[in-house]
Amino acid sequence: MARLVEHTASEPIEIKPQKRSVWVCACGLSRNFPLCDGSHRRTKDEPAGELARYNADGRRVDQGNA
């Protein structure tokens, strides 16, 4: 299933109430959702506010080519 992601976050959200921090996905691309797996790194070159479409493998595709 393809997903349409509006790039509004460039890093995960840190939760600190435990002994070690927990990182929650903010980009919507993590294969370990809701936890961050580093997938947001693929979005670093995308302009903020732009819609990006990703296929089921987490690869960005052009609009209409999912």
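Read on for a plain summary of the structure. (Residues numbered from 1 in each chain as written. Predicted model: local features only at pLDDT ≥ 70, side-chain atom pairs only at ≥ 80, totals over all residues. Heavy atoms only, no water.)

Digging into the side chain of Ser30
Within the element layout of this structure, Ser30 appears in the loop between strand 3 (22–24) and strand 4 (51–54). Polar side-chain contacts of Ser30 include one of 3.4 Å to the backbone nitrogen of Phe33. At 2.6 Å, the side chain of Ser30 and the backbone oxygen of Leu35 are in polar contact. Among all residues touching Ser30, those that are not within four sequence positions of it are Cys25, Leu35, Cys36, Asp37 and Ser39. (Helix = DSSP H or I, 4+ residues; strand = E, 2+ residues; numbered from the N terminus. Polar contact = N/O pair within 3.5 Å; in protein donor to acceptor, adjacent residues only side chain to side chain. Contact = heavy atoms within 4.5 Å.)

Describing the pairing of strand 4
Remark: a regular strand shows side chains that alternate across the two faces of the sheet. A one-sided burial pattern is seen for strand 4, the buried positions being Ala52 and Tyr54 and the unburied ones Leu51 and Arg53. The pairing of strand 4 with strand 5 (residues 60–61) spans two bridges and is antiparallel. Note on strand 5: the bridge partner recorded for Arg53 is Val61. The hairpin turn running from strand 4 into strand 5, its antiparallel successor, is five residues long, and Gly58 in that turn takes a positive phi close to 85 degrees. (Buried < 20%, exposed > 50% of the residue type's maximum accessible area, 1.4 Å probe, protein only. Pairing = 2+ DSSP bridges.)

Regarding the pattern of salt bridges
Applying the stated criterion across every chain, the model contains one salt bridge. Across the pair Asp57 and Arg59 runs a salt bridge whose closest N-O atoms are separated by 2.7 Å. What makes Asp57 partly exposed here is its relative accessible area of 44%. (Salt bridge = Lys/Arg side-chain N within 4 Å of Asp/Glu carboxyl O.)

Concerning the environment of Cys36
Position of Cys36 among the secondary structure elements: in the loop between strand 3 and strand 4. Sequence separation between Cys36 and Glu14 is 22 residues; the distance between their C-alpha atoms is 9.6 Å. When residues no more than four places from it in sequence are discounted, the contact partners of Cys36 are Pro12, Trp23, Val24, Cys25 and Ser30.

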